[in-house]
Amino acid sequence: MTKRSRFLVLGAALALGFVYLLPVWRITLEAPQYPEGLGMEILIDDIVGVKPHDLNNINNLNHYIGMRRIEPDSIPELVVMPFILAALIAGGVLTAALGRRRVLYLWVALFVGVSAVGIADFWKWEYDYGHNLDRETAAIQIPGMSYQPPLIGSRQILNFTAHSWPGAGGWLALASMLVGVGVAAAEFRRARRASAVDAAPVDAETGGAPTSRTAALLLLAAGGLAAAGCREPEPRPLAFGEESCARCRMS
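A.B. asks: Any chance you could explain the pairing of strand S5 (residues 160–166) here in plain terms?
C.D. replies: When a strand is regular, its side chains alternate between the sheet's two faces. For S5, the tally of buried residues reaches five of seven residues, placing the bulk of the element in the interior. Here six bridges tie strand S1 (residues 25–31) to S5, and the two strands are oriented antiparallel to one another. What sits directly across from Arg26, in S5, is Trp165. Across five bridges, strand S4 (residues 153–157) lies against S5 in antiparallel orientation. In the strand pairing of S5, Ile157 is matched with Phe160. In sequence, S4 turns back onto S5 through a hairpin of two residues, with Leu158 there showing a positive phi of about 55°.

A.B. asks: What's the story with the packing of helix H1 (residues 3–15) against helix H3 (residues 77–98) in this structure? I'm lost.
C.D. replies: Relative placement of two packed helices is described by the angle separating their axes and the distance separating the axes. Where H1 meets H3, the axes come as close as 8 Å, and the angle between the chain directions of the two elements is 165°. As far as their axial angle goes, H3 and H1 are roughly antiparallel. Between H1 and H3 the crossing geometry is left-handed. Across the interface between the two elements, Arg6, Val9, Leu10, Ala13 and Leu14 of H1 pack against Ile89, Gly92, Val93, Thr95, Ala96, Ala97 and Leu98 of H3.

Quick notes on the rules
Residues numbered from 1 in each chain as written. Predicted model: local features only at pLDDT ≥ 70, side-chain atom pairs only at ≥ 80, totals over all residues. Heavy atoms only, no water. Buried < 20%, exposed > 50% of the residue type's maximum accessible area, 1.4 Å probe, protein only. Helix = DSSP H or I, 4+ residues; strand = E, 2+ residues; numbered from the N terminus. Pairing = 2+ DSSP bridges. Axes fitted to C-alpha atoms, helices over the stretch in contact; angles between N-to-C directions. Parallel < 35°, antiparallel > 145°, perpendicular 65-115°, else oblique. Left-handed = near helix turned anticlockwise from the far one by under 90°. Contact = heavy atoms within 4.5 Å.

Any functional reading would require information that these geometric values do not contain.
Structure representation (structure tokens):
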């Protein structure tokens, strides 16, 4: 790895430390009866309301349609994620310290894999809350209706418009991952170019790069081939009765 690549990986790893302080995801609800909106922010280890009573108000609304309460203490991912993030940070720092391409590829693969699993798990969590309803005690029952918020983007749910987007911590984690992927791609191309140079013709006397004599021989050979291809055509015997005249087309 080049010095620049190692600094970029180190910066991407250290930037992940801010994810402990910033919201990873944000879900907001808009409705006529809530002109200021309701919202909750998903942190690396907690779920809180955007405003002091938002999470409690969202839970009260969910009760009417049979959704379970959102209790951060009952979500195991909020316990595990801080340790996973710490492992990614430590892996990035170790990658920058060692400067080995294989370690870089492994770290980036783990980073991308953890991110993909996290997104899939978040979608599953949303699906579970929006579909597994307590219809026996729900005050509002609409057959076939589900209340899953969108993974990314906006969706109309009854008279509410739900918005779901990454928070500042989520965007920062995405940027760090893209930096890692970019560095890995650049190092992979650099390794390919180095392999191509190593596979070039090697002078027998020096055992290293081609010498001027070898280059001259290659140049002469190429010039001879070019000259042979550009010389005037020589006469050849005609095949009477088979070939036609190039001008009048008669045999």
